[in-house]
Amino acid sequence: MARVLDGTAIAAEIKAEVRAEVDRLALQGIRPGLAAVLVGHVPASEIYVRSKVKTCEALGLFSELITPPETVTTEEMLALVHELNARQDIDGILIQLPLPAQVQAKLLLEAVSPDKDVDGFHPVSVGRLQTGQPGLVPCTAAGIIEILKRSQLPIAGQNAVVVGRSDIVGKPTAILLLAENATVTVCHSRTRDLPSFTRRADILVVAIGKPALVTADMVKPGVTILDAGINRVTDRAEFDRYFAGDARREELFLQKGSTIVGDVHPNAFALAGAYTPVPGGIGPLTIAMLMANTVRAAKLRRGLPV
Ligand code: GUN
């Protein structure tokens, strides 16, 4: 039986540590603060950002949700970011992506002070990560490493294959695995003969945004699979292709009219040594690491040891 890596439990452990650190900082009169900027009405973004703000409240961090209208201009967003950069009560700035087409996202992300860049998207943060300097690391990538470490799964010397090369997940995860001395291969949509790479993986990270792309025939038995995919399934035939015979999943699907599948087919999980389920795997870590990053930013900005 494959070992299920319970992201919800690991995230709870990290959040408890963050809570304890927030309490310690409170004794010094410090309350880490997060500004979350949510533009327009993308349903998934609304759910994520509200969950981020709620978690801040639960852990004792200050948070502010800022919701510019869908029609906001790049200039207005830049002015907002400059204001947040200057505010003493804000340690972390999160601009939820995607942004409307008229907003120049790249300009905006570069305007965020690297000291408050809790998403780790600023080129300075990327450079620090690449060169092994202390800084702020993208939350999902940091969460993937936390899952491996807290589950006592070895990284050094392992063949790690990352499927997906996004700036948000794939690239930073590959850099972190390399820093932990894994032998890292990055595959992507233009990779020829993907299975020949995934079959060599001891650690397989999949973050490419394609439902159930990685199937049983593409993995080595015993592999550790980290599935960062979040794909909504509403079609019955598609549901059956992934989850036929899973009575519990079917009951929920019939109740809600949808379910979530990762980028890995459940038949590959059956062969794994360990894997992160979807939902309840990597997802919960992303928010926990955002909280940890906000506290880290609060300490780094004040010159406190991290
Ligand atoms: N959109 C999807 N994932 C993320 C994330 O980690 N951070 C932000 N800011 N936007 C996202």
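Before reading on, note that the structure itself is shown above.
The text that follows walks through the structure, step by step, so that each part is easy to find. These numbers were taken from a predicted model, which means no experiment stands behind them.

### Some points on the sheet that holds strand S1 (residues 3-4)
Two modes of strand pairing occur in sheets, parallel and antiparallel, and in both the strands are linked by backbone hydrogen bonds.
Thought 1: Ordered in space as S1-S11-S8-S7-S5-S6, the six strands form an open sheet in which the pairing is parallel. Bordering the open sheet on either side are S1 and strand S6 (183-187), each of which pairs with just one other strand.
Thought 2: For S1 and strand S11 (residues 274-275), the ladder comprises two bridges, and the chain directions are parallel. From the neighbouring strand, Arg 3 faces S11, where its bridge partner is Ala 274.
Thought 3: Across the sheet, helix H6 (residues 139-150) lies against strand S7 (203-206) and strand S8 (224-227), angled at about 150° from S8, the strand it touches most.

### Describing the site of the ligand
Thought 1: Around the ligand, the surrounding shell consists of Ile 95, Gln 96, Leu 97, Asp 119 and Phe 121.
Thought 2: Between Gln 96 and the ligand, the recorded distance is 3.3 Å, taken from a side-chain N or O atom to a nitrogen atom.
Thought 3: Here a nitrogen atom of the ligand and a backbone polar atom of Leu 97 are 3.0 Å apart.
Thought 4: Coverage of the ligand by the protein amounts to 80% of the 280 Å² it exposes when considered alone.
Thought 5: Partitioning the shell around the ligand into residue classes produces three nonpolar, one polar and one charged.

### Observations regarding helix H12 (residues 283-301)
Thought 1: With 19 residues, H12 extends 28 Å from end C-alpha to end C-alpha; this agrees with the ideal 27 Å at 1.5 Å per step.
Thought 2: Residues of H12 that are buried: Leu 285, Ile 287, Ala 288, Met 289, Leu 290, Met 291, Asn 293, Thr 294, Val 295, Ala 297, Ala 298 and Lys 299.
Thought 3: Elements in contact with the buried residues of H12: helix H1 (7-27), strand S2 (33-37), helix H2 (43-59), strand S4 (92-95) and H6.
Thought 4: In the stretch just after H12, Gly 303 is the one whose phi turns positive, near 75°.

### Here's the deal with the nonpolar core
Thought 1: In terms of nonpolar packing, the biggest core is built from 52 residues, with Val 18, Leu 61, Leu 177, Leu 226 and Met 291 touching the most fellow members.
Thought 2: Mapped onto this core, the elements with two or more residues apiece are H1, S2, H2, H6, strand S5 (159-163), helix H7 (170-179), S7 and H12.
Thought 3: If one sorts the elements of this core by residue count, H12 sits on top with eight residues.
Thought 4: Formed by 20 residues, the second largest nonpolar core is a distinct cluster that contains Leu 78, Leu 80, Leu 84 and Phe 121.

### Quick word on the packing of H6 against H12
Thought 1: At a minimum axis separation of 8 Å, H6 and H12 run at an interaxial angle of 105°. It follows from the interaxial angle that H6 and H12 lie roughly perpendicular. Counting all contacts with H6, which are made through Cys 139, Thr 140, Ala 142, Gly 143, Glu 146 and Ile 147, the residues of H12 involved are Leu 285, Thr 286, Met 289, Leu 290 and Asn 293.
Thought 2: When its residues are assigned to classes, the contact of H6 with H12 shows six nonpolar, four polar and one charged.

### Details of the sheet that holds S2
Thought 1: A sheet is described by the order of its strands in space; here three strands give the open sequence S3-S2-S4, paired in parallel fashion. Across the chains shown, the open sheet's two edge strands, defined by having one partner strand only, are strand S3 (62-66) and S4. Averaged over all pairs of adjacent strands, the angle between their axes in this sheet comes to 15°, without regard to strand direction.
Thought 2: Taken together, the four bridges between S2 and S4 define a ladder with parallel strand orientation. Residue pairing across strands places Ala 36 opposite Leu 94, the latter belonging to S4.
Thought 3: Of the strands in this sheet, S2, S3 and S4 touch helix H3 (residues 74-86), which is tilted by about 160° from S4.

Calculation rules
- Residues numbered from 1 in each chain as written.
- Predicted model: local features only at pLDDT ≥ 70, side-chain atom pairs only at ≥ 80, totals over all residues.
- Heavy atoms only, no water.
- Pairing = 2+ DSSP bridges.
- Helix = DSSP H or I, 4+ residues; strand = E, 2+ residues; numbered from the N terminus.
- Contact = heavy atoms within 4.5 Å.
- Axes fitted to C-alpha atoms, helices over the stretch in contact; angles between N-to-C directions.
- Near = heavy atom within 4 Å.
- Polar contact = N/O pair within 3.5 Å; in protein donor to acceptor, adjacent residues only side chain to side chain.
- Areas by Shrake-Rupley, 256 points an atom, 1.4 Å probe, with all protein chains shown as cover.
- Nonpolar A, V, L, I, M, F, W, Y, C, P; charged D, E, K, R; others polar.
- Expected span 1.5 Å × (residues − 1).
- Buried < 20%, exposed > 50% of the residue type's maximum accessible area, 1.4 Å probe, protein only.
- Core = buried A, V, L, I, M, F, W, Y, C linked by side-chain atoms within 4.5 Å.
- Parallel < 35°, antiparallel > 145°, perpendicular 65-115°, else oblique.

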